[in-house]
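# Survey of secondary and tertiary structure
The residues making up each chain are set out below.
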Amino acid sequence: MSHYFKSQYAAEDGIAKLAIVHPTVKLGKDVSIGPNTIIEKNVTLADGVTIGANCSIGQGTAIGQGSRIHNLVTIAHEVSIGKRVTIFTGAVIGTDGFGFARSKGVYHKIAQLGSVKIGDEVEIGANTCIDRGALDDTVIGNGVKIDNQVQIAHNVQVGDNTVICGCSAVAGSTTIGRNCVIAGGVGIINHIEIVDNVTVTAMSLVNKSIMKAGSYSSGTGLSETPEWKKNIVRFRQLDSMAKTLKKYFGK
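Overview of the structure. These numbers were taken from a predicted model, which means no experiment stands behind them.

It is worth spelling out the environment of Ile-189 at this point. Within the secondary structure, Ile-189 is located in the loop between β27 (187–188) and β28 (193–194). The partly exposed category is assigned to Ile-189, whose relative accessible area is 30%. Separated by 20 residues in sequence, Ile-189 and Ser-209 place their C-alpha atoms 9.3 Å apart. When sequence neighbours within four positions are dropped, the list of residues in contact with Ile-189 reads Ala-171, Thr-174, Leu-205, Val-206 and Asn-207.

What follows covers the nonpolar core. The biggest cluster of nonpolar side chains holds 49 residues, and the ones touching the most others in it are Ile-75, Ile-87 and Ile-93. When residues of this core are traced back to their parent elements, those giving at least two are β16 (116–118) and β29 (198–200). Apart from residues no more than four positions distant in its own chain, Ile-87 is found in contact with Arg-68, Ile-69, His-70, Val-73, Ile-75, Ile-81, Ile-93 and Ile-124.

Bridge count for strand β14 (residues 100–103) against strand β15 (residues 106–109) is four bridges, and the pairing is antiparallel. Directly across from Phe-100, in β15, lies its bridge partner Lys-109. The loop that links β14 with its antiparallel partner β15 comprises two residues; one of these, Lys-104, has a positive phi angle of about 55 degrees.

Applying the stated rule across the entire model yields five salt bridges. One salt bridge in this structure joins Arg-84 and Glu-121, with 2.4 Å as the shortest N-O distance. Residue Arg-84 is found in the loop between β11 (80–81) and β12 (86–87), and its partner Glu-121 is found in the loop between β16 and β17 (123–124); the two are separated by 37 residues along the sequence. A relative accessible area of 41% means that Arg-84 is categorised as partly exposed. For Glu-121, a relative accessible area of 36% puts it in the partly exposed group. With a shortest N-O distance of 3.0 Å, Arg-178 and Asp-196 are connected by a salt bridge. Placement of the pair is Arg-178 in the loop between β25 (175–176) and β26 (181–182) and Asp-196 in the loop between β28 and β29, with a sequence separation of 18 residues. Asp-196 gets classed as partly exposed once you look at its relative accessible area, which sits at 27%.

What counts and what doesn't
- In this convention, every chain numbers its residues from 1, walking through the sequence in written order.
- A pLDDT threshold of at least 70 governs which residues receive local features in this predicted model, and a stricter bar of 80 or more applies before side-chain atom pairs are shown or counted, although totals over entire chains, interfaces and linings include all residues.
- Calculated side-chain values reflect all of the structure's heavy atoms, with hydrogen atoms and water omitted.
- Only runs of H or I of at least four residues qualify as helices and only runs of E of at least two qualify as strands under DSSP, and these elements are numbered from the N terminus.
- Burial classification: accessible surface area is computed with a 1.4 Å probe over protein chains only, and a residue below 20% of its type maximum counts as buried, one above 50% as exposed, and the rest as partly exposed.
- Contacts are assigned to residue pairs that have any heavy atoms within 4.5 Å of one another.
- Take the buried residues of types Ala, Val, Leu, Ile, Met, Phe, Trp, Tyr and Cys, join any two whose side-chain atoms come within 4.5 Å, and each joined set is a nonpolar core.
- Pairing between strands requires that DSSP locate at least two bridges from one strand to the other.
- Salt bridge, as applied in this entry: a Lys or Arg side-chain nitrogen positioned within 4 Å of an Asp or Glu carboxyl oxygen.

This is the structure in structure tokens:
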């Protein structure tokens, strides 16, 4: 019902005079392209695609029917975007992942040879970055909703209908299942797996795989600093305290 009250702003009517569209671009029906947007060679824009002003669409990229790309979005080369996808202002899709190898004290860049594949009905928030894969593609499933300022690293796989909230970061080669909820400010380390139907609460650190559905949390709640410092000391003593209790009282 809320959509009845939302203000609707008309898209650019056709291709703006200040847009730069390579002659090899394949344009569907009713495509709109805003001013100062650059569409490189061999891009495919399906019917009803809308691209705002000051965007950059790299060569060989394909954008599916009815998708809307808001102003100032950058999409790198050979990215695949499904139908009815919405990408908000400032998002960057398909640039190089953070891949380096250290040799003799010097970091050497690893070529990022994969791409990004985004399914249908996906929403990607403002200033979110999704890196291209190093070898395999980074894959965002159908119906995924990604909030603002989220980092998705190279080779990450996100299952259908998963939600990732603002300021979360997913490190490289991690797999997140279907119907998961990753709350705000969550950090997920690399090369782990999270199964379907998992919720991770806000500001948690996921440092190992989650192989059972359910809700998971880490960290401690907010408290005054002097109290927090005392509790940290107690946390460090928990193992020895547990061993002492077991010694005298058994299980």
